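Close look at the chain arrangement
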Amino acid sequence: MAVLSLLRSSARFVTTSRFQDIDICKWTRCLTLSAQRCYTSDTSDSSVDHLSSGLEKYKDLQKYFNRRLKATYRRFSNIPDHSVVCGCHHVYFIKGDGIYRMDKRQRESEPEQVLDLGQVSGGEEKTGLEKDESFQWTIQRIRLSPQEEHLAATLKITHREELRCVVVRLGKRNPPPLDPPHVILTLDKVFSFEWATDEVLFYSILEGLRCSRVFRLDLTSSGSRITSVHEETQPDVFVEVALSRDRQILTINCNSRTSSEVLLIDVTTSSLEPFLVQPRQLDLLYHVEHWRRWLIILANTGPEQEYQVVKVPVSESSMVSWEPLFSPSPGTAVKDMDVIGDHCVLVARTPASELVLIVIPMTQPKEAYTVQLPSWACAIENKRPDLADQRSVFEFLISSPVHPPVPYCLYPEDGLLLSGAEDGPSPEKHSNYITTRLEACSQDGTFVPVTLFHAVAVECLRQAPLLVHVYGAYGRDVNMEFCPEKRLLLEQGWALAYCHIRGGGERGLSWQRQARVEGKQRGVEDLQACLHHLFSFGVSSPSLTVFTASSAGAVPVGALCNRHPHKMQAVILQAPFLDVLGAMEDPSLPLTLEDREEWGDPVGNPKHRHAIASYCPLHNITPQRYPSMLLTAYCDDTRVPLAGVLKYTEQLKKAIHTHLTIKPKSECEPAPNIVLNIQPGANHLGPEDFELMLEEETLKLAFLYTELGLDPPRPPRKRKR
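Residues numbered from 1 in each chain as written. Predicted model: local features only at pLDDT ≥ 70, side-chain atom pairs only at ≥ 80, totals over all residues. Heavy atoms only, no water.

In this section: the environment of Lys-189. Mapped onto the elements, Lys-189 comes out in the loop between β9 (182–188) and β10 (190–195). The class for Lys-189 is partly exposed, based on a relative accessible area of 39%. A C-alpha to C-alpha distance of 4.8 Å links Lys-189 and Leu-163, two positions 26 residues apart in sequence. Not counting the four nearest positions on each side in its chain, Lys-189 is found in contact with Leu-163, Ser-204, Ile-205, Leu-206 and Glu-207. (Helix = DSSP H or I, 4+ residues; strand = E, 2+ residues; numbered from the N terminus. Buried < 20%, exposed > 50% of the residue type's maximum accessible area, 1.4 Å probe, protein only. Contact = heavy atoms within 4.5 Å.)

Written as structure tokens, this is what we have:
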């Protein structure tokens, strides 16, 4: 999983499941998961209710959408995912209050509980996080040791960033177990972790928003021993550990926005000592996989500093020995890389913005070929291979915001692509909805991709409500995984647009570089061009248009609101980054130093300050008519401090009041609704608990329909026999 590890850091971004590398918890998938995958206390927290404002207006409609959205989640409760973990002898899964397993040889036997979440949260060692507030444990990731002697799992507590790693001794295989599974150790603040052997676990820890240290845990007959392996001194570098697909190489990945450094540990040797692949150098990004004592490296050493695949012997890994293996065609953006048997498989996005797989035979790279995926595919999730899986097969799920995940298998040796949808509950047909890919011409002549989902022909969309999604920062693609809320809107006649503006990664590394620091204005110009193109294409109108964005995606939306507030009727922002100038001027904030490569340094560079001041949403508020806004924020969010959201809301309300005061009465227009929804905790990505998530999403739906003056949708009546 190459490019993902290069992008994953402590940045201000939102993408469901990717930030925490969540292998297990998929709360957006279905209603039943909330009961299956967490352990919850019975208290509640309303200490931040007084900060919220304007919510009462939507309560009745919110209750209605609560019923509708629950019904929608139930419809998709059996869609496939990759939450089951297969070991050598058992299958592991989440059920009720913990992790369970079943013997592969005895399918009819009762599941055996491996980890009880109630025990993790109880007892005398209760931490301060758990004592005086409601809390809920959510399982984030599971790792099995090579011979299935131990299991490690990370748990996240409600409203907090911190993770806890629990190490379980699994006991003997033969029933009845003489040594039943039991917790032998807990480790706090663990972010990433991998087993090198059955007795050795490597892990990195998350302190604040920094992940800079890697440790080694040795399990011995007399207890355990922890030693430091690596410590990163640069404040903008994020460190995590990963295991190659063939489980022979463990990597310590040290990535910043503009550089990479990877240390390798050969787990087939007894020493387990790390060695450096290639020293860090500015603007060099690379990630390492392993194949037959060769390193297969994805590096931005291709034309225009885009990604290409190179190879090098493990024994001579420095850059001078790198040998080019494959370079994608111009305009093709590599999103991920895996090594499957004797083939390298790239996930890529074509110039037409469609997802494809590029298969490269290691021994004959000139015979690389492309595998076309369904045209509606917008997101892909690779399956981690099982411990005992020796097959050369690439298993993955594809989805879109309105299409539930569909399992596929690629056999690289034969070029055979099979859909697994027939084996289980088949998702609803995708032909009911249309995926249209457009291009908008930005101010400087650059063509910007737009993905449009709709249920009727484009020529029938002039009166359709339009929900526009955008991100455009840190080289991240806008999130396009399946979302039941989007499906519900599409079924009610909405059009959904996803704008792939510069600053994101949809068209490669150069797409991000064009909209960094002094180029940030380009992202705002791109968004304006996308909206203009949609209207010109016959899709909706300003009075029926709503923008939605999260985190750093709020920057282009907020800037567009300041410049062209009449182009939209309403805006929905979650954990919004709105005070760019104030945040980047404050070095005491945890992300300021790291984020200078993205936004610039307004303190030390006057040009950077001028650039930020020209688009910063907070610092460009002016008396005029703004669209209605729903802003959801979290009181302990360290990525986007609450103070910036509160300051933005206050100044926005003042500007609107001033505008309405000085405007002649004959021209008076209704005041927009500025709604502030402040939630407890530090959940920058939103709550893990299903009911809390449902409350937020139904508020958004109620806000959408109220501000656009739409009648709430009614469920279809059942025909009488």
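The next point concerns the pairing of strand β8 (residues 163–169). Put simply, side chains in a regular strand alternate between the two faces of the sheet. Most of β8 sits out of view: six of its seven residues are buried. Where strand β7 (residues 150–157) and β8 come together, seven bridges link them in antiparallel fashion. The residue bridging His-150 from the neighbouring strand is Arg-169, located in β8. (Pairing = 2+ DSSP bridges.)

Scanning the model with the defined rule gives 29 salt bridges in all. In this structure, the salt-bridge partner of Arg-213 is Glu-207, at a minimum N-O distance of 2.7 Å. A salt bridge links Asp-444 to Arg-502, with the shortest nitrogen-to-oxygen separation between them at 2.9 Å. Taken as a pair, Asp-444 in the loop between β30 (434–441) and β31 (447–454) and Arg-502 in the loop between β33 (495–499) and α7 (509–513) lie far apart in primary sequence, 58 residues in all. (Salt bridge = Lys/Arg side-chain N within 4 Å of Asp/Glu carboxyl O.)

Per the stated rule, a full pass over the model turns up 15 aromatic pairs. A centroid spacing of 5.0 Å and a plane angle of 70 degrees characterise the contact between Phe-76 and Phe-482, whose relative ring orientation is edge-to-face. Here the residue Phe-76 occupies a position in the loop between α3 (59–75) and β2 (85–86), and Phe-482 occupies one in the loop between β32 (466–470) and α6 (484–491), the gap between them amounting to 406 residues. Assigned by exposure class, Phe-76 and Phe-482 land together as buried. Taken together, a centroid distance of 5.4 Å and an interplanar angle of 70 degrees make the contact between Phe-577 and Trp-599 edge-to-face. Of this pair, Phe-577 sits in the loop between β35 (570–574) and α10 (580–584) while Trp-599 sits in helix α11 (residues 592–599), placing them 22 residues apart in sequence. Through pairs of rings, three or more aromatic residues link up here, namely Tyr-64, Phe-65, Trp-494 and Tyr-705. (Phe/Tyr/Trp six-rings, centres within 6.5 Å; stacked < 30°, edge-to-face > 60°.)

Ordered by their spatial adjacency, four strands build an open sheet running β10-β11-β12-β13, and the pairing between neighbours is antiparallel. The open sheet has two edge strands, β10 and β13 (223–231), and neither has a second partner. Strand-to-strand twist across the sheet, computed as the mean angle between neighbouring axes with direction ignored, equals 25 degrees. In terms of strand pairing, strand β12 (residues 210–220) meets β13 through eight bridges, oriented antiparallel. The residue of β13 that forms the bridge with Asp-218 is Arg-225. (Axes fitted to C-alpha atoms, helices over the stretch in contact; angles between N-to-C directions.)

Further remarks concern the sheet that holds strand β3 (residues 90–95). Taken in spatial order, the four strands of this open sheet run β2-β3-β4-β5, and their pairing is antiparallel. Pairing within the sheet leaves two strands with one partner each, and these edge strands are β2 and β5 (112–116). With six bridges connecting them, β3 and strand β4 (residues 98–103) associate as antiparallel partners. Within β4, the residue paired with Val-91 across the bridge is Met-102.

Shape descriptors only; they carry no functional weight alone.
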